[in-house]
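Structure at a glance
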Amino acid sequence: MVVLQLEESMSSEFLAAVAIFVLAFGSLSRRLERSIITPPMAYVIYGLLIGPVALGLTSGISLSNETIRVLAESALAVVLFTDASRIQFGRLEAGYKLPLRLLGLGLPITIAVGTAIAFWLFPSLGIWEAAVLSTILAPTDAALGQAVVNSQKVPSFIRQAINVESGLNDGICLPFLFFFLALAEESETATDLTYWLTFSAKQVGFGALVGVAVGYLGSKLIGRSIGRKWMKESFEDLSVLGLAFLAYTGADMIGGNGFIAAFCAGLVSGNVTTDAVKQTLYDFGEAEGQLLTLLTFLLYGAVMVTPALGEANWHMWVYAIISLTVIRIVGVAISTASAKLQPLSVLFVGWFGPRGIASVVYGLTIIDEDDLAGGDLIFNTMAVTVLLSIFAHGVTAFPGANWYGNNMSKQADRKPMREMKPVAELPVRLPW
């Protein structure tokens with residue numbers, strides 16, 4: 001198996017190099033936001049620079065120590081929580097139909113098409129292992145092409161759909177992933193299928209129950225404390241972190257899945273709490289949540305990319321390209337067939353489905369699955385696909401948003417279009 005092995009502690013040189021870059025990039029962040037260099041791109045490049053091929057500051061880090069796992073899983077728990085908290089169903093109004101199509105129909109189609117192509121392209125994978133790979137690469141991460149959901153040139157109807165889809169599909173993919181993992185592992189062992197399906201049901205069910213309870217009770221408690229001025233402002237962000245981690249760890253303690261719990265807790269919190277708590281959720285996501293995410297990208301570049309590239313073959317590169325183009329666009333095209341969108345809009349939404357932090361951490365979850373024979377291939381294909389996505393979507397986000405927005409504006413002058421329908425907009429993650 002591809003494993004992330006870290007010695008007892010990271011070297012002082014490595015930690016110092018990370019700290020220097022966080023400070024340096026932060027100092028230039030406002031100027032860089034006007035360029036095609038996105039924060040995930042910069043952090044991955046720097047990770048590669050301090051990795052084994054260049055400066056070698058990761059010599060004490062070989063791919064399975066808990067430090068990397070804990071950081072990556074913490075980042076995803078926070079991302080799932082904060083992304084879900086931004087989705088306020090009461091404000092979606094007329095804008096809910098397109099993201100509903102993308103999630104309810106487009107996402108399953110994307111997984112199904114990706115499974116079929118993976119099963120055909122990788123003869124060593126069983127059908128359920130192919131489904132695991134497809135599901136890992138199904139969630140989108142709009143933060144990798146942030147210029148798209150921030151651009152005022154892109155119609156709000158389209159921006160909103162991409163934003164909502166990205167905020168929900170990573171959490172929705174989790175039950176699919178556990179189900180396919182159970183089937184894949186059962187086919188590799190003599191273990192009764194009933195055991196794996198029961199285990200998966202507990203993971204999903206207990207995780208959701210804990211998440212709903214923590215999200216509702218915790219957000220009400222925080223809201224009351226803020227309303228009565230019992231809580232200092234400096235502790236408001238910490239309370240959000242406490243909610244996300246309480247849901248994550250609470251579910252794990254009773255046999256549920258922490259990621260599903262964090263996702264459900266965020267979804268409930270964003271819809272039952274006060275505006276003051278909602279603002280705290282957004283502020284936390286833009287600061288502490290952003291740092292956790294970017295550090296995960298740095299470690300991805302420093303520790304995961306080079307080994308994956310060393311093992312990558314042409315099948316993996318072909319699947320990565322197909323996953324980012326054909327598989328995604330087919331799902332979007334079929335799910336929006338009756339939505340009366342312009343062909344250009346279908347291609348635009350289909351292209352801007354970047355793969356990011358969720359895919360990386362979901363890939364890490366299979367590392368310890370000894371009963372998954374195709375684990376190496378799945379992990380390496382994920383790493384290659386995410387690397388390609390970070391740069392392809394990062395570079396094209398700003399010019400692509402301008403080009404699409406200008407084209408839509410010209411067409412709107414000649415005829416009414418569904419895309420130009422105004423909708424109430426929800427907050428976006430990392431609004432740089």
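Residues numbered from 1 in each chain as written. Predicted model: local features only at pLDDT ≥ 70, side-chain atom pairs only at ≥ 80, totals over all residues. Heavy atoms only, no water.

1. Things to note about the overall build of the protein chain
- A count of helical and extended segments in the protein chain gives 17 helices and two strands.
- With 432 residues in all, the protein chain has 56% of them scored as buried.
- When the accessible surface of the protein chain is split by element, carbon and sulfur atoms take 64% of a total near 17,800 Å². (Helix = DSSP H or I, 4+ residues; strand = E, 2+ residues; numbered from the N terminus. Buried < 20%, exposed > 50% of the residue type's maximum accessible area, 1.4 Å probe, protein only. Areas by Shrake-Rupley, 256 points an atom, 1.4 Å probe, with all protein chains shown as cover.)

2. Thoughts on a nonpolar patch on the surface
- On the surface, a nonpolar cluster with roughly 450 Å² of combined accessible area is contributed by Phe206, Leu209, Met253 and Ile254.
- The topology assignment puts Phe206 in helix 9 (residues 193-227). (Patch = residues over 30% accessible without salt bridge, like charges linked within 9 Å, V, L, I, M, F, W, Y side chains within 5 Å. Salt bridge = Lys/Arg side-chain N within 4 Å of Asp/Glu carboxyl O.)

3. Remarks on the packing of aromatic side chains
- Inspection of the entire model under this criterion finds twelve aromatic pairs.
- Judged by centre distance (6.0 Å) and plane angle (20°), the ring pair of Trp128 and Phe180 falls under stacked. With Trp128 in helix 6 (residues 127-136) and Phe180 in helix 8 (residues 156-188), the pair connects residues that are 52 residues apart, well separated along the chain.
- With relative accessibility at 12%, the residue Phe180 sits in the buried group.
- Here the aromatic residues Phe21, Phe25, Tyr43 and Tyr46 are joined through ring pairs into a cluster of three or more. (Phe/Tyr/Trp six-rings, centres within 6.5 Å; stacked < 30°, edge-to-face > 60°.)

4. Quick word on the packing of helix 1 (residues 12-32) against helix 2 (residues 39-49)
- Two elements in contact, helix 1 and helix 2, have axes whose closest approach is 11 Å; the angle formed by their N-to-C orientations is 150°. Classified by the interaxial angle, the pair formed by helix 1 and helix 2 is roughly antiparallel. Helix 2 is crossed by helix 1, and the crossing has right-handed handedness. Where helix 1 approaches helix 2, its residues Ala17, Phe21, Val22 and Phe25 are matched on the opposing element by Pro39, Ala42, Tyr43 and Tyr46.
- A class-by-class count of the residues in the contact of helix 1 with helix 2 yields eight nonpolar, no polar and no charged. (Axes fitted to C-alpha atoms, helices over the stretch in contact; angles between N-to-C directions. Parallel < 35°, antiparallel > 145°, perpendicular 65-115°, else oblique. Left-handed = near helix turned anticlockwise from the far one by under 90°. Contact = heavy atoms within 4.5 Å. Nonpolar A, V, L, I, M, F, W, Y, C, P; charged D, E, K, R; others polar.)

5. Section: the side chain of Gln342
- Along the polypeptide, Gln342 turns up in the loop between helix 14 (314-335) and helix 15 (343-351).
- With near-sequence residues (within four places) excluded, Gln342 lies in contact with Met408, Gln411, Lys415, Met417 and Glu419.

6. Points about the packing of helix 14 against helix 17 (residues 375-412)
- Across the interface, helix 14 lies against helix 17 with an axial gap of 9 Å and an inter-helix angle of 50°. In terms of axis orientation, helix 14 runs oblique to helix 17. Considering how the two elements wind past one another, helix 14 and helix 17 form a crossing that is right-handed. In this structure, helix 14 contributes Met316, Trp317, Tyr319, Ala320, Ile321, Ser323 and Leu324 to the contact, and helix 17 contributes Leu377, Asn380, Thr381, Val384, Thr385, Leu388, Ser389 and His393.
- Tallied by class, residues from the contact of helix 14 with helix 17 come to nine nonpolar, six polar and no charged.

7. Things to note about the pattern of salt bridges
- The tally for this structure, following the rule as stated, stands at one salt bridge.
- We note a salt bridge from Glu165 to Arg328, for which the minimum N-O separation is 2.6 Å. One end of the pair, Glu165, is in helix 8; the other, Arg328, is in helix 14, with 163 residues separating them in the sequence. Comparing Glu165 with Arg328, the two get one shared label, buried.

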